[in-house]
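# Close look at the chain arrangement
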2 protein chains.
Amino acid sequence: MSLLVVGSVAYDSVETPFGKRERTLGGSATFFSTAASYFTPVRLVAVVGRDFGSEHIEFLKTRGVDVQGLSIQREGDTFFWRGKYNFNLNDCQTLETKLNVFESFRPQIPENYKDSAYVFLANIDPELQLSVLKQVPHPKLTALDTMNFWIANKRPELLTTLAKVDMVLINDAEARALADEYNLVSAAKKILSYGPKYLVVKQGEYGALLFSASEVFRAPAFPLESVFDPTGAGDAFAGGLMGYIAQLGADARHVDFNELKKAVVAGSVVASFAVEQFSIDRFRTLKTEEIAQRFRLFHGLTHFDDVLPTVNRPAGL
Amino acid sequence: MSLLVVGSVAYDSVETPFGKRERTLGGSATFFSTAASYFTPVRLVAVVGRDFGSEHIEFLKTRGVDVQGLSIQREGDTFFWRGKYNFNLNDCQTLETKLNVFESFRPQIPENYKDSAYVFLANIDPELQLSVLKQVPHPKLTALDTMNFWIANKRPELLTTLAKVDMVLINDAEARALADEYNLVSAAKKILSYGPKYLVVKQGEYGALLFSASEVFRAPAFPLESVFDPTGAGDAFAGGLMGYIAQLGADARHVDFNELKKAVVAGSVVASFAVEQFSIDRFRTLKTEEIAQRFRLFHGLTHFDDVLPTVNRPAGL
């Protein structure tokens, strides 16, 4: 079913230990929509500038992404980011950020997007996230991402928006900052008390945790030998997760936790492909069959029998 | 079946954000043997000094640990370590180390331990580890732990010992240092090329990875709200893992990978209890039923159906 994403479309210049790419296609909404497109039709709301190449729009269209909501601003350039990863690919240094047309982004949801059943609010100002929610009156499930900048500088606005979504997807540092709790289990409880029914904590190479009020699930990340570029992995993860949920037609008010577990794994699977090449390049060739295949590999990676042999009692115990 | 551990028995003074304990029972062989005792009879080889309290020996006995190999050196004191954990419990600062009688430890395996089927060489000098292997002629499965100090300072000796064991259990930083590879999958392949059939990479709060030449498994750590003292978690993990293997009677030459997966989970389960209290205190009350119960919780924590619904193909793909 219809999945709406609101976020950034950008140019990224990225350097990793494996090479360098100038002005590749990037942005949270790009990674999200490309990843989600393997599961469900996606509607994109974002802004780009006069320098944005039409080949990127064509690419999104070939992935079945509806780009009617992609606004092209002729008076400015596209959001630009330059970053460099160190040898272990975990630490990333931002070398340059030019918000350009993204600075004045005020998401307008096209009339025929307003019936969207699923909404993902990528990491933008929580006030803008709230304005999107107001424009989509009857969603079945909504989710948002955020970052430390908003947690620190727009906390009241963020908490207002948080209370109105069904699911929060953030990384572990953000979860700790948002809850002001180091222990992740305690942090999760606190964040769920702010309103959302589900919290997904992204832990990069270690996988992700899914929390509800009464349950918890840990999805692995796939142990990869060929990680080329981690840029966009978190957004691709969110895209796979939300795409899976949208495909199911799940309703946040009565969703099966077992299906949410599989959604988290679907996100991990798609993210594991995203990092294998620069930018969204892996998705230029990725086939749906490969996703199903790696999903089964993930199952083998974590599955074990639930029967523990009778535990011994040493004499006297 | 009989499981031999050779390592340290120590006094630890530990400070965590949750409190302070002076001269509690510690040491790799202590945590290992206590944890393993829930699965199989354990034989302990270690050394303590004149200051070692008989109540600790009594405790080990109540856990069914054979302490015949615990040498009491009247001319010195027991290995002492003092450490302090910061607020997140991940970083630990060593404030004081006194090797005392441990400095001249030369493991002598008692005659009636020499038929041990399972051997765990805790983190000691790789030359001493090798001397133990020579004293136990027909083990079914042997494993060792090591640390960065030996990787850096006794690399040739360590590689010689490594080539003679079936399994290596180390943490991720050690795996990277040992293989001189950042990527863990590449590091694992390299370490397995040194000789051992299996590698277990401990990742603390994130769980553990098990590698064979052709398979990989990721076990979660249990998301705990009450982590009090991480000291000894890695050794308790190894104890649960090796205890499980010994209970099975598995032979390294033809062991079922599915059983090894469960052994890794058994290790994670026992480690998750170890951190709930200071020192080995949780094991003073832990019941075998609680282990079986948490094993089932771990299953729920990671299990998901292996069926992915048919993946959509957006129009035109």
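Residues numbered from 1 in each chain as written. Chains lettered and ligands numbered in written order. Predicted model: local features only at pLDDT ≥ 70, side-chain atom pairs only at ≥ 80, totals over all residues.

### Considerations on the relation of the copies chain B and chain A
Superposition record for chain B on chain A: RMSD 0.0 Å, screw rotation 180 degrees, translation along axis 0.0 Å. With respect to symmetry, the two chain copies, as superposed, fit the operation of a two-fold axis. (Least-squares fit on C-alpha atoms with pLDDT ≥ 70 in both.)

### Considering the environment of Gly 26 of chain A
Residue and element names in this part refer to chain A. Inspection of the secondary structure assignment puts Gly 26 in strand E3 (residues 19-26). On the basis of neighbour counts, which here come to 28 C-beta atoms within 10 Å, the residue Gly 26 falls in the buried class. Once the C-alpha coordinates of Gly 26 and Asn 112 are considered, the two residues, 86 residues apart in sequence, prove to be 26 Å apart. Once you skip the residues sitting within four places of it in the chain, Gly 26 turns out to touch Ala 10, Tyr 11, Asp 12, Trp 81, Thr 231, Gly 232 and Ser 279. (Helix = DSSP H or I, 4+ residues; strand = E, 2+ residues; numbered from the N terminus. Buried ≥ 20, exposed ≤ 12 C-beta atoms within 10 Å, placed from the backbone. Contact = placed C-beta atoms within 7 Å.)

### With respect to helix H7 (residues 184-193) of chain B
Residues and elements named next belong to chain B. Considered for burial, the residues of H7 that qualify are Leu 184, Ala 187, Ala 188 and Ile 191. Buried residues along H7 cover an arc of 100 degrees about the axis, so they all sit on one side. Residues of H7 that are buried sit in contact with strand E10 (167-171), helix H6 (172-179), strand E11 (198-202) and strand E12 (208-211). Residue Gly 195 follows H7 closely and has a positive phi angle near 140 degrees. (Arc of directions from axis to C-beta.)

### As for the interface of chain B and chain A
Between chain B and chain A, the residue contacts involve 52 residues of the former and 54 residues of the latter. Those elements that place two or more of their residues in the side of chain B that touches chain A are H7, strand E13 (216-219), helix H9 (257-274) and helix H11 (288-302) of chain B. With eight residues, the top contributor of residues to the side of chain B that touches chain A is H11 of chain B. Taken together, the residues that form the side of chain B that touches chain A break down as 27 nonpolar, 16 polar and nine charged. (Nonpolar A, V, L, I, M, F, W, Y, C, P; charged D, E, K, R; others polar.)

### Observations regarding the pairing of strand E13 (residues 216-219) of chain A
Sheet topology places strand E12 (residues 208-211) of chain A next to E13 of chain A; four bridges connect them, and they run antiparallel. Directly across from Leu 210 of chain A, in E13 of chain A, lies its bridge partner Phe 217 of chain A. (Pairing = 2+ DSSP bridges.)

### Some remarks on unusual backbone geometry
Phi angles above zero are rare outside glycine, and Arg 23 of chain A is one such case at about 45 degrees. You will see that Ser 279 of chain B, though not glycine, has its phi angle at about 50 degrees, which is positive. With respect to the helices, strands and loops of the structure, Ser 279 of chain B is situated in the loop between H9 and helix H10 (282-285).

### Thoughts on the sheet that holds strand E8 (residues 118-121) of chain A
Residue and element names in this part refer to chain A. Strand order in the open sheet formed by nine strands is E5-E4-E1-E8-E9-E10-E11-E12-E13, with mixed pairing between adjacent strands. Each edge of the open sheet is held by one strand with a lone partner, namely strand E5 (65-73) and E13. Sheet twist, expressed as the average angle between the axes of neighbouring strands with direction ignored, equals 15 degrees. Of the pairings in the sheet, the one linking strand E1 (residues 3-6) to E8 comprises four bridges and is parallel in character. Bridge pairing in E8 links Val 5 to Phe 120. (Axes fitted to C-alpha atoms, helices over the stretch in contact; angles between N-to-C directions.)

### Focus on the sheet that holds strand E6 (residues 80-85) of chain B
All names here are of chain B. Taken in spatial order, the four strands make up an open sheet running E3-E2-E6-E7, and their pairing is mixed. Because the sheet does not close on itself, it has two edges, and the strands there are strand E3 (19-26) and strand E7 (92-98). Each strand axis lies, on average, 15 degrees off the axis of its neighbour in the sheet, ignoring direction. Strand direction decides the pairing type here: E6 and E7, joined by six bridges, are antiparallel. Across the sheet, residue Lys 84 finds its bridge partner in E7, namely Gln 93.

### Quick look at the packing of helix H6 (residues 172-179) of chain A against helix H7 (residues 184-193) of chain A
Residues and elements named next belong to chain A. Relative to each other, H6 and H7 sit at 60 degrees, their axes nearing to 9 Å. When the axis of H6 is compared with that of H7, the two are oblique. H7 is crossed by H6, and the crossing has left-handed handedness. Two secondary-structure elements touch here, H6 through Asp 172, Ala 175, Arg 176, Leu 178 and Ala 179 and H7 through Leu 184, Ala 187, Ala 188, Lys 190 and Ile 191. For the contact of H6 with H7, the class distribution of residues is seven nonpolar, no polar and three charged. (Parallel < 35°, antiparallel > 145°, perpendicular 65-115°, else oblique. Left-handed = near helix turned anticlockwise from the far one by under 90°.)

### Examining the pairing of strand E2 (residues 10-16) of chain A
Residues and elements named next belong to chain A. Extensive coverage of E2 is indicated by the burial of five of its seven residues. Relative to E3, E2 runs antiparallel, the two being bridged by six bridges. By the bridge assignment, Glu 15 is partnered in E3 with Lys 20. With antiparallel pairing between neighbouring strands as the criterion, E2 and E3 make up a hairpin whose turn holds two residues. Sheet analysis places E2 next to strand E6 (residues 80-85), joined by five bridges and oriented parallel. Paired with Ser 13 across the bridge in E6 is Arg 82.

### Focus on the confidence of the model for chain A
It should be kept in mind that the predicted coordinates are not to be read in detail where pLDDT is low. Across chain A, pLDDT averages 94, with 97% of residues at or above 70. Taken over the whole predicted complex, pTM reads 0.92, whereas the ipTM for its chain interfaces reads 0.88. (pLDDT = per-residue confidence, 0-100.)

### With respect to H6 of chain A
Residue and element names in this part refer to chain A. Looking at H6, one finds that the buried residues are Glu 174, Ala 175, Arg 176, Leu 178 and Ala 179. Tucked into the core, H6 has its buried residues touching helix H4 (148-153), strand E10 (167-171), H7 and strand E11 (198-202). Once H6 ends, the next one or two residues include Asp 180, with phi positive near 55 degrees.

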